[in-house]
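The primary structure of each chain is shown beneath.
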Amino acid sequence: MACRASIHKAIHPCFDLSAIFPPRDLPKLELPVGLMIGAKYVIKIFVFDSQSIMKLKAVAKWGGFDSKREPSRVELVTALVSIAILDGAKLKNGQSKPLLIAHMVNLRGRTDLLSHKNPCGNLYTAVHWKSAVEVEKPGLHGLVGLMRDVMTTLLAKLAKVIGEEDLGEMVMNAGREFQEELRQGDADVLLFTSWCRFPLHRVDLGWGEPEFVSSLCSPFDSVTLMDHREGDDDGGVVAQVSLTEDDMDLFCKQHDILQDACHK
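These numbers come from a predicted model, not from an experiment.

1. Examining a nonpolar patch on the surface
- Together, Val-203, Leu-205 and Trp-207 line one region of the surface with nonpolar side chains, adding up to about 420 Å² of accessible area.
- Structurally, Val-203 is set in the loop between strand S4 (188-194) and strand S5 (222-227).

Now the structure itself:
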C-alpha cells in the first residue's frame, strides 16, 4: 500500500501484543476427542445470502427468540450448521451425543486496553457451550440464545478487566476451561472461527483484489465463516465446513442446509 500510494495512506500495523500477552507456560494443547486419525477430511463452501439470513431471523423470532437485539448473521449460521451436524450424527449412529461448540472471538474493539487500531497477532479468546442432544426442543432460537448468553458473559468479564495482566489471565482461563471440556469426552466437538468484517477481500498485494478467499481444510470438524458481500453486515455469510467424507455426505443432505444455503 505504501509503494502504490502515499505513505500517509498506508495502514500501520502494531506488533506489540507481547506487552499484553507476554511469554508464559501454556496449557498442553489437546486434540479434540473423537478426532479420526487418518480419516479423509473434505471442505465444502455453503453460501447463505442476505435473503436466507432474513428468513433465519424470522424463524428464530417465530420460535421464541426474544431480545431487543435481533440475532446476528454469525449467530444464525452457527446455530443452523450445529443443528445439521447434530441431525447428521443422529442419522449415522442412531443417537447423538451433546455437541461441544467453540467459537474463537476476536478481541479487537472489545476492550479499552487495546488502544491501537491495527494490532497484529492471535488476538482472540475462545467461548464454548454445549448443545442439547435433541435439537427439536431448543431449535434455532435455542441455540442462538445459548451463543448470545456466552457472548454476553464474555463481554461482562471484559468490562471488568482493569489491566493487561488480568486480560491475559482471562484468555488463559478460557483456554483451560475448554481443555477441561475436551478431556471429559462426553460430547462431539465442532470448532467455529468467524472472519466476518475482516477486509480479506480488499487485500491487494499488487495483482488486484482476490477473486476467492479460503481457509485450509482442517483434520477435525470445523467451520470458518466469512462475509458473502464484503463489509455488509446485512449481507450473507459464507460457511467453509470441514468434515470427514461420510459426515459431509450426511451434512449436505440435511433439510435446513438444502433449504437455506447453496454449496460449491
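2. Quick word on the confidence of the model for the chain
- For the chain, the mean per-residue pLDDT works out to 81, and 83% of the residues sit at or above 70.
- Here strand S7 (residues 262-263) stands out as the element of the chain with the lowest mean pLDDT, 76, in contrast to strand S6 (residues 237-244), whose mean of 94 is the highest.

3. Here's the deal with unusual backbone geometry
- The phi dihedral of Arg-197 falls on the positive side, at around 75 degrees, and the residue is not glycine.
- Relative to the helices and strands, Arg-197 resides in the loop between S4 and S5.
- Taking relative accessible area as the criterion, Arg-197 reaches 61% and is therefore assigned exposed.

4. Overview of the packing of helix H2 (residues 73-93) against helix H5 (residues 245-252)
- For the pair H2 and H5, the least separation of the axes is 9 Å and the interaxial angle reads 115 degrees. Of the possible angle classes, the one that applies to H2 and H5 is roughly perpendicular. Judged by the sense of rotation from one axis to the other, the crossing of H2 with H5 is right-handed. Contacts from Val-81, Ala-84, Ile-85, Gly-88 and Lys-92 in H2 reach Asp-247, Leu-250 and Phe-251 in H5.

5. Quick word on helix H4 (residues 164-184)
- Relative to the 30 Å expected for 21 residues at 1.5 Å per residue, H4 spans 31 Å between its end C-alpha atoms, a close match to the ideal helical length.
- Three or more residues of H4 are buried, namely Leu-167, Gly-168, Met-170, Val-171, Met-172, Ala-174, Phe-178, Gln-179 and Leu-182.
- Tucked inside the fold, the buried residues of H4 contact strand S2 (99-106), strand S3 (124-130), helix H3 (139-160) and S4.
- Trailing H4 by a residue or two, Gly-185 shows a phi angle of about 70 degrees, which is positive.

6. As for the pairing of S2
- By the criterion of burial, S2 is predominantly enclosed, with six of the eight residues buried.
- Where S2 and S4 come together, six bridges link them in parallel fashion. Bridged to His-103 within S4 is Phe-192.
- Summarising the sheet, S2 and S3 pair through seven bridges and their orientation is antiparallel.

7. Focus on the sheet that holds S7
- Spatial strand order, S3-S2-S4-S5-S6-S1-S7: seven strands in an open sheet with mixed pairing. Unpaired on one side and paired on the other, S3 and S7 mark the two borders of the sheet.
- When strand S1 (residues 41-48) meets S7, the two strands line up antiparallel, connected through two bridges. Within the sheet, the bridge partner assigned to Val-47 lies in S7 and is Cys-262.

8. Description of the packing of aromatic side chains
- All chains considered together, the criterion is met by one aromatic pair.
- Seen from their ring centres, Phe-46 and Phe-251 are 5.1 Å apart, and the 80 degrees between their planes marks the pair as edge-to-face. Of this pair, Phe-46 sits in strand S1 while Phe-251 sits in helix H5, and the two are 205 residues apart along the sequence. The same class applies to Phe-46 as to Phe-251, namely buried.

9. Quick word on the nonpolar core
- Counting 52 residues, the largest nonpolar core has Phe-46, Phe-48, Leu-225 and Phe-251 as its most contacted members.
- With 10 residues, H2 is the largest single contributor of residues to this core.
- Excluding its chain neighbours within four sequence positions, the residues that come into contact with Phe-46 are Val-237, Val-238, Ala-239, Val-241, Met-248, Phe-251, Cys-252, Ile-257, Ala-261, Cys-262 and His-263.
- Listed in part, the seven residues of the second largest apolar core include Leu-100, Phe-178, Leu-182 and Val-189.

10. Let's talk about H5
- Taken as a whole, H5 has its buried residues at Asp-247, Met-248, Phe-251 and Cys-252. One face of H5 carries all of its buried residues, which in axial projection span an arc of 130 degrees.

11. Considerations on the packing of H2 against H3
- At their nearest, the axes of H2 and H3 sit 9 Å apart, and the two run at 120 degrees to each other. The orientation of H2 relative to H3 falls into the category oblique. The handedness of the crossing between H2 and H3 is right-handed. Contacts from Val-74, Glu-75, Leu-76, Thr-78, Ala-79, Leu-80, Ser-82 and Ile-83 of H2 reach H3 at Gly-139, Leu-140, Leu-143, Val-144, Met-147 and Arg-148.
- Looking at the contact of H2 with H3, its residues break down into nine nonpolar, three polar and two charged.

Rules and cut-offs
- Residues numbered from 1 in each chain as written.
- Predicted model: local features only at pLDDT ≥ 70, side-chain atom pairs only at ≥ 80, totals over all residues.
- Heavy atoms only, no water.
- Patch = residues over 30% accessible without salt bridge, like charges linked within 9 Å, V, L, I, M, F, W, Y side chains within 5 Å.
- Areas by Shrake-Rupley, 256 points an atom, 1.4 Å probe, with all protein chains shown as cover.
- Salt bridge = Lys/Arg side-chain N within 4 Å of Asp/Glu carboxyl O.
- Helix = DSSP H or I, 4+ residues; strand = E, 2+ residues; numbered from the N terminus.
- pLDDT = per-residue confidence, 0-100.
- Buried < 20%, exposed > 50% of the residue type's maximum accessible area, 1.4 Å probe, protein only.
- Axes fitted to C-alpha atoms, helices over the stretch in contact; angles between N-to-C directions.
- Parallel < 35°, antiparallel > 145°, perpendicular 65-115°, else oblique.
- Left-handed = near helix turned anticlockwise from the far one by under 90°.
- Contact = heavy atoms within 4.5 Å.
- Expected span 1.5 Å × (residues − 1).
- Pairing = 2+ DSSP bridges.
- Phe/Tyr/Trp six-rings, centres within 6.5 Å; stacked < 30°, edge-to-face > 60°.
- Core = buried A, V, L, I, M, F, W, Y, C linked by side-chain atoms within 4.5 Å.
- Arc of directions from axis to C-beta.
- Nonpolar A, V, L, I, M, F, W, Y, C, P; charged D, E, K, R; others polar.

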